[in-house]
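Remarks on the overall topology
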Amino acid sequence: MRVLLVGGGAREHAIAEALCGAPDEDVELYAFMPNRNPGIIRLSADYEVGDVTDVEAVVKAAERWRVDLAVVGPEDPLAEGVADALEEVGVPTFGPKREPARIEWDKGFARRLMKEYGIPGCPEFEVFEDPDEACEYIDELGKPVAVKPAGLTGGKGVKVVGDQLANLEEAKEYVREIFEESIGGIPKVVIEEKCIGEEYTIQAYTDGERVLPTPAVQDHPHAYEGDEGPITGGMGSYSCPDGLLPFLTEEDYERSVEILEETVRAIKEETGEPYRGVLYGQFMLTAEGPVVIEFNCRYGDPEAMNILPIMEGDVVTLHASVAEGSMEGDVEFVEKATVCKYVVPAGYPESSEGEGEVIEVDEECIHRRDAIPYYASVNLEEDGTIRMTSSRALAVVGLGDTLEEAEEAAESAIEECVSGENIRHRSDIGKRETVERRVKRMEHIRGGG
Ligand code: GLY
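Residues numbered from 1 in each chain as written. Predicted model: local features only at pLDDT ≥ 70, side-chain atom pairs only at ≥ 80, totals over all residues. Heavy atoms only, no water.

Attention now goes to the pairing of strand S2 (residues 28–33). For S2, a buried count of 5 out of 6 residues is recorded, marking the element as mostly surrounded by other parts of the structure. As paired elements, strand S1 (residues 2–6) and S2 share 5 bridges and run parallel to each other. Looking at S2, one finds that Leu 5 is bridged to Ala 31. Each parallel crossover has a hand, and for S1 linked through helix H1 (residues 10–20) to S2 it is right-handed. Pairing analysis gives 5 bridges linking S2 to strand S3 (residues 44–49), with the strands arranged parallel. For Phe 32, the partnering residue across the bridge sits in S3 and is Glu 48. Running through helix H2 (residues 38–43), the crossover from S2 to the neighbouring parallel element S3 is right-handed. (Buried < 20%, exposed > 50% of the residue type's maximum accessible area, 1.4 Å probe, protein only. Helix = DSSP H or I, 4+ residues; strand = E, 2+ residues; numbered from the N terminus. Pairing = 2+ DSSP bridges. Right-handed = clockwise from strand over helix to strand, strands pointing away.)

Okay, here's the thing in structure tokens:
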């Protein structure tokens, strides 16, 4: 089968490995990506470097390569309608069309859908197209809020009082900034009550009818150790052998999956289009149970790297059947813990320190430590060196029978097998103390601590 992969990050490298490593299907991979990702290049029969939001260019490449299936990694091309355009030329696409993808590219739509269809886990909110009205609502509520630009911001646009914003005055200033600077690209803001709890992700495959959930994962969006510093695209994540998290019960998981199932049904009813791809639910476990923080219309990054390496069965058939709307059977996972840690340029995300510099990766050394390297926003140069951009450079995923083993695998692989003048990573991700802190906090919030 000839497969087009759109995107050039570590998430897409993990998708490429999963598709090419599938035992039951011979895959010829073609990649359209914004950078020269060495891991994807190695697996591809051909590739083109280009703007993934240029729908015409993606479709032309798909036609030139005569692909049978397209798998889209990032959200921006889906928001631009790449799945609609590919399907028009007869290419089944893993990744929703523009209207169902609205669940991510318009947070106002997502909240209104939840409210209108009575989907549980929706906090108190209002959507505004006028900054003055949004500021009045903040005053009316008189309690800490989350301020969310409605459009796409690469996961970095949400600001919460008590975290990135000091008080309600700063929240109102941020509302004005969103409209003045067109943050998110659509003149709309969502104001909602601040939720207290622990965040987690559940990604589910769906063909618009059936929903197959995958293990829960916890991401670490803050830049620095101890969950300090600005929000990034994600510095790393972990999952546990039982598919739950140390603070998340089976019942919490089931309730979250029900929310995803109801959302898939509501999207179809509202837009008339089936949602085909991965529906990503970012949840917060609160004293009252799971609350939806947001939905994404694609695999998470880094969360894709926690589930793809442990997936059993025929990954290619799964992706193809999602794209064709004929998903059957179940999806199974090996009972292993995973810990993903991102190696980034030293200045990420605040300065350009490290940008353009060489990163050296001894892949064999990483594999010997029971870990897997996935290249992210780097470029393979003509001379074979790998240079960092301003963004995340390399994800290293450790596997183990326990979280401790997986963490040690990832940590030792980075320490001993990756080098560069100006690189850093969060060593605390997946460590016992970090996880225990979260469990204690959750016990306290649930009233047991
Ligand atoms: N881990 C955050 C995201 O994929 O949006």
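All right, on to the site of the ligand then. Every residue lining the ligand is accounted for by Asp 219, Gly 233, Tyr 280, Asn 296, Arg 298, Gly 300, Asp 301, Pro 302 and Glu 303. Taking Tyr 280, its side chain carries an N or O atom lying 3.4 Å from a nitrogen atom of the ligand. The contact in question runs from a nitrogen atom of the ligand to an N or O atom on the side chain of Glu 303, over 2.8 Å. Across the complex, the protein chains shield 85% of the 200 Å² of accessible surface that the ligand would expose by itself. Across the shell around the ligand, the residue classes tally to 2 nonpolar, 3 polar and 4 charged. (Near = heavy atom within 4 Å. Polar contact = N/O pair within 3.5 Å; in protein donor to acceptor, adjacent residues only side chain to side chain. Areas by Shrake-Rupley, 256 points an atom, 1.4 Å probe, with all protein chains shown as cover. Nonpolar A, V, L, I, M, F, W, Y, C, P; charged D, E, K, R; others polar.)

Before going further, it helps to spend a moment on a negative patch on the surface. A surface patch of negative charge is lined by Asp 242, Glu 250, Glu 254, Glu 258 and Glu 335. Inspection of the secondary structure assignment puts Glu 254 in helix H10 (residues 250–271). On the accessibility criterion, Glu 254 (36% relative accessible area) is partly exposed. (Patch = residues over 30% accessible without salt bridge, like charges linked within 9 Å, V, L, I, M, F, W, Y side chains within 5 Å. Salt bridge = Lys/Arg side-chain N within 4 Å of Asp/Glu carboxyl O. Lys, Arg positive; Asp, Glu negative; His and termini not counted. Charge placed at Lys NZ, Arg CZ, Asp CG, Glu CD.)

Put simply, helix H8 (residues 131–141) and helix H9 (residues 168–180) touch, their axes get as near as 9 Å, and they point 165° apart. The angle between the axes of H8 and H9 places the two elements in the roughly antiparallel class. The two elements H8 and H9 meet at a crossing, and its hand is right-handed. Residues Pro 131, Asp 132, Ala 134, Cys 135, Ile 138 and Asp 139 of H8 form the contact with H9, whose participating residues are Leu 168, Ala 171, Lys 172, Val 175, Arg 176 and Phe 179. Looking at the contact of H8 with H9, its residues break down into 8 nonpolar, no polar and 4 charged. (Axes fitted to C-alpha atoms, helices over the stretch in contact; angles between N-to-C directions. Parallel < 35°, antiparallel > 145°, perpendicular 65-115°, else oblique. Left-handed = near helix turned anticlockwise from the far one by under 90°. Contact = heavy atoms within 4.5 Å.)

Oppositely charged side chains are able to pair whenever their charged atoms sit close together. Following the criterion strictly, the structure yields 35 salt bridges and no others. Glu 407 is the partner of Lys 341 in a salt bridge, and the nearest nitrogen-oxygen pair spans 2.7 Å. Here Lys 341, found in strand S20 (residues 337–345), pairs with Glu 407, found in helix H14 (residues 403–417); they are 66 residues apart in sequence, far enough to count as distant. Exposure class is identical for Lys 341 and Glu 407. Each is buried.

Packed helices, taken two at a time, are described by the angle their axes make and the gap between the axes. At a minimum axis separation of 10 Å, helix H7 (residues 107–116) and H10 run at an interaxial angle of 100°. Viewed along their axes, H7 and H10 adopt a mutual orientation that is roughly perpendicular. Mapping the contact onto sequence places Phe 109, Leu 113 and Glu 116 in H7 and Thr 263, Ala 266, Ile 267, Glu 270 and Thr 271 in H10. Considered class by class, the residues forming the contact of H7 with H10 number 4 nonpolar, 2 polar and 2 charged.

Take the sheet that holds strand S9 (residues 189–193) next. Pairing within the open sheet is antiparallel, and its 4 strands lie in the order S6-S9-S7-S8. Edge positions in the open sheet fall to strand S6 (125–128) and strand S8 (159–160), since each of these has one partner strand only. Docked against the sheet, H7 engages S6, strand S7 (145–149) and S9, running at close to 140° with respect to S6.

A few words on the state of the cysteines. In a disulfide, the sulfur atoms of two cysteines are held together by a covalent bond. By the definition in use, this model includes 1 disulfide. Put simply, Cys 365 and Cys 417 are joined by a disulfide, and their sulfur atoms are 2.0 Å apart. The sign of the S-S torsion, about -65°, decides the handedness of the disulfide formed by Cys 365 and Cys 417: left-handed. Here Cys 365 is found in helix H13 (residues 363–368), whereas its partner Cys 417 is found in helix H14, with 52 residues between them in sequence. Just as Cys 365 is buried, Cys 417 falls in that class too. (Disulfide = S-S within 2.5 Å.)

Let's shift gears to the sheet that holds strand S16 (residues 277–286). Pairing in this open sheet of 4 strands is antiparallel, and the strands run S11-S10-S16-S17 from one edge to the other. Where the open sheet ends on each side, the last strands, each with one partner, are strand S11 (211–213) and strand S17 (289–296). Mean inter-strand twist for the sheet, computed between neighbouring axes without regard to direction, equals 35°. Here S16 pairs with S17 via 7 bridges, running antiparallel. Bridging from a neighbouring strand, Gln 282 pairs with Glu 294 of S17. In the packing of helix H12 (residues 315–324) onto the sheet, contacts are made with strand S10 (198–206), S11 and S16, and the angle to S10 comes to roughly 80°.

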